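As a plain string of letters, each chain reads:
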Amino acid sequence: MIPNLYSFVGDTPLVELEVPFGGAEIRLFAKLEMFNPGGSIKDRPASFMIQQGIADGRITNSTHLVESSSGNLAIAIAMIARQMKLEFTAVIDPNVTKNNRELIEIYGAKIEFVDEKDVEGGYLQSRIRRVRRLLDELPNAVWLNQYANPDNRRSHYEGIGEEVVRDMPVEPTHAFVGVSTCGTIMGVARRLREAWPAIRIVAVDVVGSVIFGSPGGQRRLPGIGASRVPEQLDTCEIDEVVYVTDWESMQGCHRLVREEGLLAGGSSGSIIAAIEKMVPRLPHDAVIVTVLPDRGERYLDTVYNSNWLPENERARRPLHDSHRILAKTSRPQSVTQS
Ligand code: PMP
């Protein structure tokens, strides 16, 4: 039998990159999530959340999926919903790039555009309000809710986590993972620590994101960072946080192109910038595993456009220390339930 397109979600390549970090003998292995059919890591939670919804009866042939996302998740759900002949409405706001909006529409999803700012000056609360209204109005509407749905992190525990444990040729000392909903880091951290208990899990966040208690502020890079603390974040799973700016992320993207011929998305540049900042704190023979979430073509107008960041934002530094060790309490014991 010829497989469905979405059966190709996951099982992405793990490659060793040759990006030099000063004189350090650091080895860097990366999961290339751009190889998913929808072009990003978000194919994994989209397909897993939908499949689990079907398995437990919440999603049927007549379901109308609803999600608040302006980026990769909306594109991934739109692609899978089209293949499964399900209706999908994406709730988006003015921060969506033209490119992403077009992709969501090309896959046939409906768009609900929210442009009234909420009390915090962003659109998130307004988008959630619109989702709730749609759940009342649309027949058979189901909200996947990526910020709180445990199947988001489970998709990464069983996906990227399992594949890294299977494919790494040596034991990693560190994992660097970008954060937004925190589904990736929660799932991957849990699985990697089961295999390698001494591994240090480093979250890569952007200046202006509130996930780890820093003050919110302007952020331009799509996909990474958040203006609310995701329900599924459990900081016990994370050892350290490194903050990078939009400009540093942009430089990281250009380094990946220059050194590796790899055209990756904005948050992949954040990872490279974060490792560079951490080099003085890393053992000289550190073995790092990381996840590069998406491909670069979606960012031609942003991180690959030299006019994207205004001059005054280029030299911007984090207002606070750009590295933080998180206080540890006890780590949760259960595998995928918490
Ligand atoms: N990078 C990119 C490009 C993404 O689209 C996402 C998901 N928003 C992330 C990083 C962070 O992943 P997560 O939401 O699982 O924390």
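No experiment lies behind these values; they were computed from the predicted model shown.

**Comments concerning the side chain of Glu240**
Along the polypeptide, Glu240 turns up in strand E9 (residues 240-244). Within polar-contact distance, the side chain of Glu240 engages the side chain of His323 at 2.7 Å. Apart from the residues within four sequence positions on either side, Glu240 is in contact with Arg200, Ile201, Val202, Ala203, Met278, His323, Arg324, Ile325 and Leu326.

**What to know about the confidence of the model for the chain**
The predicted model of the chain has a mean per-residue pLDDT of 91, with 95% of residues at 70 or higher. Overall, residues 333-338 carries pLDDT values under 50, and its contacts beyond four positions in sequence, including any with other chains, amount to 11 contacts.

**Some words on the pattern of salt bridges**
Under the counting rule described, the total for this entry stands at 26 salt bridges. Across the pair Glu248 and Lys277 runs a salt bridge whose closest N-O atoms are separated by 3.0 Å. Remark: Lys277 occurs in helix H8 (residues 266-278) and Glu248 occurs in helix H7 (residues 246-260); sequence separation between them is 29 residues. For Lys277, a relative accessible area of 27% puts it in the partly exposed group. Residues Arg255 and Glu276 are paired through a salt bridge, measuring 2.9 Å at the closest nitrogen-oxygen approach. One end of the pair, Arg255, is in helix H7; the other, Glu276, is in helix H8, and 21 residues separate them in sequence. The exposure class of Arg255 is buried, given its relative accessible area of 10%. You can call Glu276 partly exposed: its relative accessible area is 39%. Overlapping salt bridges, with partners in common, bring together Lys31, Glu33, Arg44 and Glu163 in one network.

**As for the nonpolar core**
Grouped burial of nonpolar side chains is what soluble globular proteins tend to show. Leu17, Phe176, Leu256, Leu292 and Val303 are the most contacted members of the largest nonpolar core, which totals 36 residues. Of all the elements in the fold, those that place two or more residues in this core are strand E2 (27-32), strand E8 (200-206), E9, H7, H8 and strand E10 (287-292). In terms of residue count, the dominant contributor to this core is H8 (six residues). The contacts of Leu256, once residues within four sequence positions are left out, are Leu17, Val19, Gly261, Leu262, Ala264, Ser268, Ile272 and Leu292.

**Notes on the domain arrangement of the chain**
Considered domain by domain, the chain is made up of domain 1 (5-36 + 150-317) and domain 2 (43-143). The gap between the C-alpha centroids of domain 1 and domain 2 is 24 Å. The partner domain 2 presents 19 residues to the 24 residues of domain 1 that form the contact. Of the roughly 1800 Å² buried between domain 1 and domain 2 on both sides combined, carbon and sulfur atoms contribute 58%. The three residues of domain 1 that bury the most area against domain 2 are Tyr6, Asp151 and Arg298, which together make up 37% of that side's buried surface. Viewed at the interface, domain 2 and domain 1 are joined by two salt bridges. The residue Arg44 makes a salt bridge to Glu163 at a minimum N-O spacing of 2.9 Å. In this structure, the connection of domain 1 to domain 2 is made through five residue pairs in polar contact (both at pLDDT 80 or more). A class-by-class count of the residues in the side of domain 1 that touches domain 2 yields five nonpolar, eight polar and 11 charged.

Calculation rules
Residues numbered from 1 in each chain as written. Predicted model: local features only at pLDDT ≥ 70, side-chain atom pairs only at ≥ 80, totals over all residues. Heavy atoms only, no water. Helix = DSSP H or I, 4+ residues; strand = E, 2+ residues; numbered from the N terminus. Polar contact = N/O pair within 3.5 Å; in protein donor to acceptor, adjacent residues only side chain to side chain. Contact = heavy atoms within 4.5 Å. pLDDT = per-residue confidence, 0-100. Salt bridge = Lys/Arg side-chain N within 4 Å of Asp/Glu carboxyl O. Buried < 20%, exposed > 50% of the residue type's maximum accessible area, 1.4 Å probe, protein only. Core = buried A, V, L, I, M, F, W, Y, C linked by side-chain atoms within 4.5 Å. Domains from an automatic or database assignment. Buried area = accessible area lost by both parts, 1.4 Å probe. Nonpolar A, V, L, I, M, F, W, Y, C, P; charged D, E, K, R; others polar.

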